[in-house]
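# Coordinate inspection notes
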Amino acid sequence: MDWSHYRFVSIWDVSAPPDAVYGILERAEEYPQWWPQVREVTSVDHTTGTIRIRSALPYDLVMTVRASRRDPAAGILEVALDGDLDGWARWTVTAHGTGSRATYEQEVEVRRRIMRLLAVPGRAVFRANHALMMRAGRRGLAARLEAV
């Protein structure tokens, strides 16, 4: 097993139509306004940017993000990641009950040196850190949807 390899799936059920959810998720440059752990998003061009995130642990992760798939009809937003994490992330937004389900999938290889050195003893802590970030993101998205 490669202890520096992670696969995450998070499911966010929200009480807003899929188009509204997709509209907010596709504007990554606005994530810092509603997702506390997304500290900075800087656009490089119309398909590429950089993102700096920090959850409960005392370090930032910085990545280059490149759009690889944007399909509003299917509700899919997918990006390639390079930097402290190398891999991909994807949002899939679908109708669910009277609202929407936003499914976040991510598969990455950790490249940050300290995280690779602590891969085995730190794995549970890194996964918990990710879970805290995703929980806060879901709350932030719900609040953002209520505000619009």
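To be clear, the structure that these remarks concern was listed above.
The structure reproduced in this document is the subject of the present report. Quantities reported herein were computed from a predicted structural model and do not represent experimental measurements. (Residues numbered from 1 in each chain as written. Predicted model: local features only at pLDDT ≥ 70, side-chain atom pairs only at ≥ 80, totals over all residues. Heavy atoms only, no water.)

Next up on the list: the side chain of Arg144. Its place among the elements puts Arg144 in helix α4 (residues 119-147). At 3.0 Å, the side chain of Arg144 and the side chain of Glu30 are in polar contact. At a separation of 3.0 Å, a polar atom in the side chain of Arg144 contacts the side chain of Gln33. Apart from residues no more than four positions distant in its own chain, Arg144 is found in contact with Ile24, Glu30, Gln33 and Trp34. (Helix = DSSP H or I, 4+ residues; strand = E, 2+ residues; numbered from the N terminus. Polar contact = N/O pair within 3.5 Å; in protein donor to acceptor, adjacent residues only side chain to side chain. Contact = heavy atoms within 4.5 Å.)

The end-to-end C-alpha distance of α4, which contains 29 residues, comes to 40 Å, matching closely the 42 Å that a straight helix rising 1.5 Å per residue would cover. In α4, a bend of some 30° at Val125 exceeds every other bend along the element. (Expected span 1.5 Å × (residues − 1). Bend = angle between axes of the 7 residues up to and from the residue.)

On to the packing of aromatic side chains, then. Counted according to the given criterion, the structure contains eight aromatic pairs. Within the aromatic cluster, the residues linked to one another by ring pairs are Trp12, Tyr31, Trp34, Trp35, Trp91 and Tyr104. The aromatic ring of Tyr6 is capped on one face by Arg123, whose charged end is 4.2 Å from the ring centroid. (Phe/Tyr/Trp six-rings, centres within 6.5 Å; stacked < 30°, edge-to-face > 60°. Lys NZ or Arg CZ within 6 Å of the ring centre and 35° of its normal.)

For the rest of this paragraph, the subject is the pairing of strand β4 (residues 61-71). By the bridge criterion, six bridges tie strand β3 (residues 48-53) to β4 in an arrangement that is antiparallel. Of the residues in β4, the one forming a bridge with Gly49 is Val65. As defined by bridge partners, β4 adjoins strand β5 (residues 76-83) across eight bridges and the pair is classed as antiparallel. Of the residues in β5, the one forming a bridge with Val65 is Leu81. (Pairing = 2+ DSSP bridges.)

Bringing the sheet that holds strand β7 (residues 99-110) into the picture now. Pairing between the strands of a sheet comes from backbone hydrogen bonds, and it takes one of two forms, parallel or antiparallel. The sheet built from seven strands is open, its strands ordered β1-β7-β6-β5-β4-β3-β2 with antiparallel pairing. The open sheet has two edge strands, β1 (5-14) and β2 (38-43), and neither has a second partner. Averaged over all neighbouring strand pairs, the angle between strand axes comes to 20°, with direction disregarded. Alignment of β1 against β7, held across 10 bridges, turns out to be antiparallel. Following the sheet pairing, Phe8 is matched in β7 by Gln106. Of the strands in this sheet, β1, β4, β5, β6 (85-96) and β7 are in contact with helix α1 (residues 18-25), which crosses β6 at around 160°. Where α4 meets the sheet, it contacts β1, β2, β3 and β7, and its direction lies at approximately 25° from that of β1. (Axes fitted to C-alpha atoms, helices over the stretch in contact; angles between N-to-C directions.)

Shape is all these values report; function is a separate question.
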